[in-house]
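Structural description and commentary
Here is how the chains run, residue by residue.
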Amino acid sequence: MADHLEKALRIIQSSRDGVLQSELWKLLGVDSRKCSRIVKKLLDSGLVERVEFKGDGIKTFTLRAVKKSIRPALILAGGELIPCICCDRECVVNSCNLLLDWMYQLAIEEHTES
Ligand code: SF4
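What you see is a predicted model, and the numbers here were worked out from it, not measured in a lab.

Let's shift gears to the packing of helix 2 (residues 21-28) against helix 3 (residues 32-45). Put simply, helix 2 and helix 3 touch, their axes get as near as 9 Å, and they point 105° apart. Between helix 2 and helix 3, the interaxial angle falls into the category roughly perpendicular. Counting all contacts with helix 2, which are made through Gln21, Leu24, Trp25 and Leu28, the residues of helix 3 involved are Ser32, Cys35 and Val39. A breakdown of the residues in the contact of helix 2 with helix 3 according to their chemical character gives five nonpolar, two polar and no charged.

Turning to the pairing of strand 2 (residues 48-55), a few remarks are in order. Taken together, the eight bridges between strand 2 and strand 3 (residues 58-65) define a ladder with antiparallel strand orientation. Bridging across to strand 3, Glu52 finds its partner in Phe61. Linking strand 2 to strand 3, which pair antiparallel, is a turn of two residues; within it Asp56 sits at a positive phi near 55°.

A separate point is the site of the ligand. In the vicinity of the ligand, the residues found are Pro83, Cys84, Cys87, Arg89, Cys91, Val93, Cys96, Leu98 and Leu99. When grouped by side-chain class, the residues that make up the shell around the ligand number eight nonpolar, no polar and one charged.

What follows covers the pairing of strand 3. Sheet topology note: the strand 1 (residues 19-20)/strand 3 ladder contains two bridges and is antiparallel. Note on strand 3: the bridge partner recorded for Val19 is Leu63.

Conventions used here
- Residues numbered from 1 in each chain as written.
- Predicted model: local features only at pLDDT ≥ 70, side-chain atom pairs only at ≥ 80, totals over all residues.
- Axes fitted to C-alpha atoms, helices over the stretch in contact; angles between N-to-C directions.
- Helix = DSSP H or I, 4+ residues; strand = E, 2+ residues; numbered from the N terminus.
- Parallel < 35°, antiparallel > 145°, perpendicular 65-115°, else oblique.
- Contact = placed C-beta atoms within 7 Å.
- Nonpolar A, V, L, I, M, F, W, Y, C, P; charged D, E, K, R; others polar.
- Pairing = 2+ DSSP bridges.
- Near = placed C-beta within 6 Å.

Here is the structure:
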């Protein structure tokens, strides 16, 4: 179930306009009953919202990711935004000096605040 939950959330989050619930179970490769349980868990978690959708006279629901506001403290260090936001480099996270420098600033800030 956890795998399907994660996969469902990824599918929903990666679609700007959301995903029809009537399509989600096919994308997940589960039956519609199991999909309903997965959707209920996602709705209960608050990560996903359900919006009524009418197409061809049939009522169904679109599932959309809930957009949460980002706390500035999570993307700022030393007055600098995390470099990934406007990065066009070939990303190799483990050896990225830009990110390492930024994290170093973050560590210094956290150390001086405590
Ligand atoms: S980790 Fe480095 S290369 Fe990757 S997106 Fe962030 S700044 Fe860019």
